[in-house]
Structure formats: C-alpha cells, structure tokens
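Listed below, chain by chain, are the residues.
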Amino acid sequence: MSQWTEVRDNIVNALGVDDVTEQLKQQVTNQILTAVLPEVTAVADKFISQVQAQAKEESGWTKIRDAVVLPMAISGFLKIVTYALTKCSK
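In this text the structure is predicted, and so the values were computed from the model without any measurement.

1. What about the confidence of the model for the protein chain?
On average, residues of the protein chain carry a pLDDT of 89, and 92% of them reach 70 or more. Confidence, expressed as mean pLDDT per element, reaches its minimum in the protein chain at helix 1 (residues 3-15) with 73 and its maximum at helix 3 (residues 60-88) with 96.

2. A look at a nonpolar patch on the surface
On the surface, W61, I64, V68, V69 and M72 cluster together into a nonpolar patch covering about 550 Å² of accessible area. Turning to its location among the elements, I64 is positioned in helix 3.

3. Some thoughts on the side chain of D66
Along the chain, D66 turns up in helix 3. Since its relative accessible area comes to 4%, D66 is described here as buried. Once you skip the residues sitting within four places of it in the chain, D66 turns out to touch V51, Q52, A55, E58 and P71.

4. Description of the side chain of T29
In this structure, T29 sits in helix 2 (residues 22-55). Those residues within four positions of T29 in sequence are excluded, and the remaining contacts are L85 and S89.

5. Looking at helix 3
End to end, helix 3 covers 41 Å across 29 residues, agreeing with the expected 42 Å (1.5 Å per residue, within 8%). Approximately 40 degrees is the largest bend angle found in helix 3, and it occurs at D66. Residues D66, P71, L78 and L85 constitute the buried set of helix 3. Each element contacted by the buried residues of helix 3 is listed here: helix 2.

About the criteria used
Residues numbered from 1 in each chain as written. Predicted model: local features only at pLDDT ≥ 70, side-chain atom pairs only at ≥ 80, totals over all residues. Heavy atoms only, no water. pLDDT = per-residue confidence, 0-100. Helix = DSSP H or I, 4+ residues; strand = E, 2+ residues; numbered from the N terminus. Patch = residues over 30% accessible without salt bridge, like charges linked within 9 Å, V, L, I, M, F, W, Y side chains within 5 Å. Areas by Shrake-Rupley, 256 points an atom, 1.4 Å probe, with all protein chains shown as cover. Salt bridge = Lys/Arg side-chain N within 4 Å of Asp/Glu carboxyl O. Buried < 20%, exposed > 50% of the residue type's maximum accessible area, 1.4 Å probe, protein only. Contact = heavy atoms within 4.5 Å. Expected span 1.5 Å × (residues − 1). Bend = angle between axes of the 7 residues up to and from the residue.

Structure representation (structure tokens):
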C-alpha cells in the first residue's frame with residue numbers, strides 16, 4: 001500500500017481536530033517531509049527528464065522553456081519547500 005493513503009488519512013484526521021498543538025504541527029511537517037515530498041520529487045524528476053528530452057526537438061522560446069525554465073522552476077520550488085520545512089521542523 002502506498003504511503004500516500006496514510007498521509008492523506010493523517011491530514012484528513014488532523015484537519016478535524018479542534019486544538020492544533022505544536023506536536024500536531026510537527027507531525028504534519030514530518031509527514032510532508034518524509035512521505036509527500038519524496039513522492040512529488042520522483043514525479044517531478046520524471047517530468048523534468050521527459051521535458052528536457054523533448055527540448056531537443058523544439059526551437060526558440062519553447063526549447064528554452066523545456067530545457068531550462070520548467071526544470072529550474074520545478075526543482076527550485078521543491079528545494080525551497082524542502083529547505084523551509086526542514087528548518088521549521090527543528
């Protein structure tokens with residue numbers, strides 16, 4: 001079974017609480033870091049490699065978009081989110 005269903009269930013259960021504690025916030029942060037981000041990163045890496053492969057057949061701005069802009073934007077976003085959550089979880 002995928003960890004995603006466990007994460008999803010934890011988030012749904014967490015949203016139903018009346019009292020958001022520090023422990024709950026830490027648990028959600030850790031779940032995102034350990035279960036969600038690795039899955040998203042794997043999908044993003046596959047997407048990036050396919051887009052970069054397609055860039056070889058493109059020209060002009062489309063080539064730049066596929067070879068540089070999309071890969072940098074996606075990778076950068078994931079690195080920033082990971083960095084921020086890591087700093088917040090300490």
